[in-house]
Amino acid sequence: MKKIAIILGFAVLGLASCKQYEKGEGDMMYKIHEDKSGPTIQDGDFVAFNATEKTEKDSVLYSSYDYDRPSLLVKEKSLFKGDLFAALAMLSEGDSATFKINIDSMVAKMGRPKPADTTSKYLVYTIKIDKVIPKGKLTDSVFRGQIDAYLKKEMDKAKSGEASKFNTYVSKESKKPNVTASGLNYVITKEGNGSKPVPGDTVLVNYTGKFLSGKVFDTSYPDVAKKAGTFNAQRPYAPLKMPVGMNASIPGFEEGLMLFSKGTKATLILPSKLAYGEKGSQGIPPFTPLIFEVEMVNIIPAKAGSVPPIQPPAPVKK
């Protein structure tokens, strides 16, 4: 009898985990995972939330978790019945839910490009609300001040947590990285031949840039871009041509390239101080370590006498 009871218990858990979608306004479908007490999100409220965007076949189009930071917005009025703003209006701070939003309506009403290679009717959003700052009757200056205080707190959290995340990632490397005096970590996967570039030389390099999560944010390879969902038909995909040692790129990238001869393949692991630092860049949050997989395709020496002979920092063992 006890065995039967246990089996029935698992069956009940299985049914609970397969909770069906409910009908929302317009074409929206939803299911609530966590329902906290508190006021729902209103137009004008500031919202910080984590979210994933998928097709109905579970192809991930976007995930805030790749960036290790929540998405931020001020809630606006709905553009059509059952849109994402309507979804947010059903939630309060601490809530989580999954919503199905009609793709054709998003394309027509919001100008959202239709995902390639999908016949899905819906895009599927799983949302977890981290923070809500109600606008209510607050003056714009007070409201802005509360938002700034929240953002500073998040910035401090990212700054204090970076070293631990960076070290955890490096410790999982299958091959122990070399470390330079600046803090750049690198692993050579294929040794090249010949001399290394010096400041003023021009290099041709293939690369793929990633976050610690493995999410690709840029690459010179079209096949990698297509697989990562970052392909842009308007840009050329070819080895990057740039001078080294002339501040033409972020510090860790340039320093790393000056360590490699032609034909070298390597992985660079940059702390944020050697990348985009406390300011971040478009699509890259502040205090974000970066990874670059690089291949030195060619080195074009500078003309004699045009650049002082400055050597790159020498690598030191960890």
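In this convention, every chain numbers its residues from 1, walking through the sequence in written order. Local features are withheld for residues below a pLDDT of 70 in this predicted model, meaning they are given only at 70 or higher, and side-chain atom pairs are given and counted only at 80 or more; totals for whole chains, interfaces and linings count all residues. Only hydrogens and water are set aside when side-chain values are computed; all heavy atoms of the structure are taken into account.

By secondary structure assignment, the location of Asp201 is in the loop between strand S9 (185-190) and strand S10 (202-210). The buried label goes to any residue with under 20% of its type's maximum accessible area, the exposed label to any with over 50%, and the partly exposed label to all in between, with areas taken from a 1.4 Å probe on protein chains only. The charge count includes Lys and Arg as positive and Asp and Glu as negative, but it does not include His or the ends of the chains. The term salt bridge refers to a side-chain nitrogen of Lys or Arg lying within 4 Å of a carboxyl oxygen of Asp or Glu. Summary of buried charges: Asp201 has no salt-bridge partner, and the nearest side chain of opposite charge, Lys303, is 12 Å away. Of the polar contacts made by the side chain of Asp201, one reaches the backbone nitrogen of Ala302; its length is 2.8 Å. Secondary structure elements follow DSSP: runs of H or I no shorter than four residues count as helices, runs of E no shorter than two count as strands, and numbering proceeds from the N terminus. Side-chain atoms alone can form a polar contact between residues adjacent in sequence; in general such a contact is a pair of N or O atoms within 3.5 Å, and within protein one must be able to donate a hydrogen while the other accepts it.

Whether two strands pair depends on DSSP finding at least two bridges between them. Bridging between strand S3 (residues 46-55) and strand S4 (residues 60-63) involves three bridges; their strand directions are antiparallel. Residue pairing across strands places Thr52 opposite Ser63, the latter belonging to S4. Where S3 folds back onto S4 in an antiparallel hairpin, the turn is made up of four residues, including Asp58, whose phi is positive at roughly 70°.

Take the confidence of the model for the protein chain next. Low-confidence regions, as indicated by low pLDDT, have predicted coordinates that should not be scrutinised in detail. Every residue is assigned a pLDDT by the predictor, reflecting its confidence on a scale from 0 to 100. Of the residues in the protein chain, 89% reach a pLDDT of 70 or more, and the chain-wide mean stands at 90. A low-confidence stretch, residues 1-17 stays under pLDDT 50, and its non-local contacts, those more than four residues away or across chains, total zero contacts. Every residue pair with non-hydrogen atoms within 4.5 Å of one another is taken to be in contact.

Attention now goes to unusual backbone geometry. Unlike most non-glycine residues, Asp58 shows phi in positive territory, near 70°. For Asp58, the location among the structural elements is in the loop between S3 and S4. Non-glycine residue Asn247 carries a positive phi angle of around 60°. As for its position among the elements, Asn247 is in the loop between strand S12 (240-243) and helix H6 (251-257). The class for Asn247 is exposed, based on a relative accessible area of 75%.

Aromatic ring pairs are described here by two measures, namely the spacing of the ring centres and the angle between the planes. Stacked, tilted and edge-to-face pairs are distinguished by plane angle, under 30 degrees for stacked and over 60 for edge-to-face with tilted covering the rest, among Phe, Tyr and Trp rings (Trp via its six-membered ring) whose centres lie within 6.5 Å. With the rule as written, the count across this model stands at 10 aromatic pairs. Consider the rings of Phe217 and Phe292, whose centres lie 5.9 Å apart with planes at 85°: the pair is edge-to-face. With Phe217 in strand S11 (residues 216-219) and Phe292 in strand S14 (residues 290-300), the pair connects residues that are 75 residues apart, well separated along the chain. Taking relative accessible area as the criterion, Phe217 reaches 24% and is therefore assigned partly exposed. Judged by relative accessible area, which is 6%, Phe292 ranks as buried. Two conditions define a charge located above a ring, namely a distance within 6 Å from the ring centre to NZ of Lys or CZ of Arg, and an angle within 35 degrees of the ring normal. A cation sits over an aromatic face here: Lys31 above Tyr21, 4.6 Å from the ring centre. Over the aromatic face of Phe231 sits the side chain of Lys226, whose NZ or CZ is 5.0 Å from the ring centroid.

Within the secondary structure layout, Ala163 lies in helix H4 (residues 140-171). Judged by relative accessible area, which is 46%, Ala163 ranks as partly exposed.

Per the stated rule, a full pass over the model turns up 14 salt bridges. We note a salt bridge from Arg112 to Glu53, for which the minimum N-O separation is 2.9 Å. Separated by 59 residues along the polypeptide, Arg112 in the loop between helix H3 (103-110) and strand S7 (122-133) and Glu53 in strand S3 bring together distant segments of the chain. Residues participating in the shared-partner salt-bridge network are Asp43, Lys75 and Lys77.

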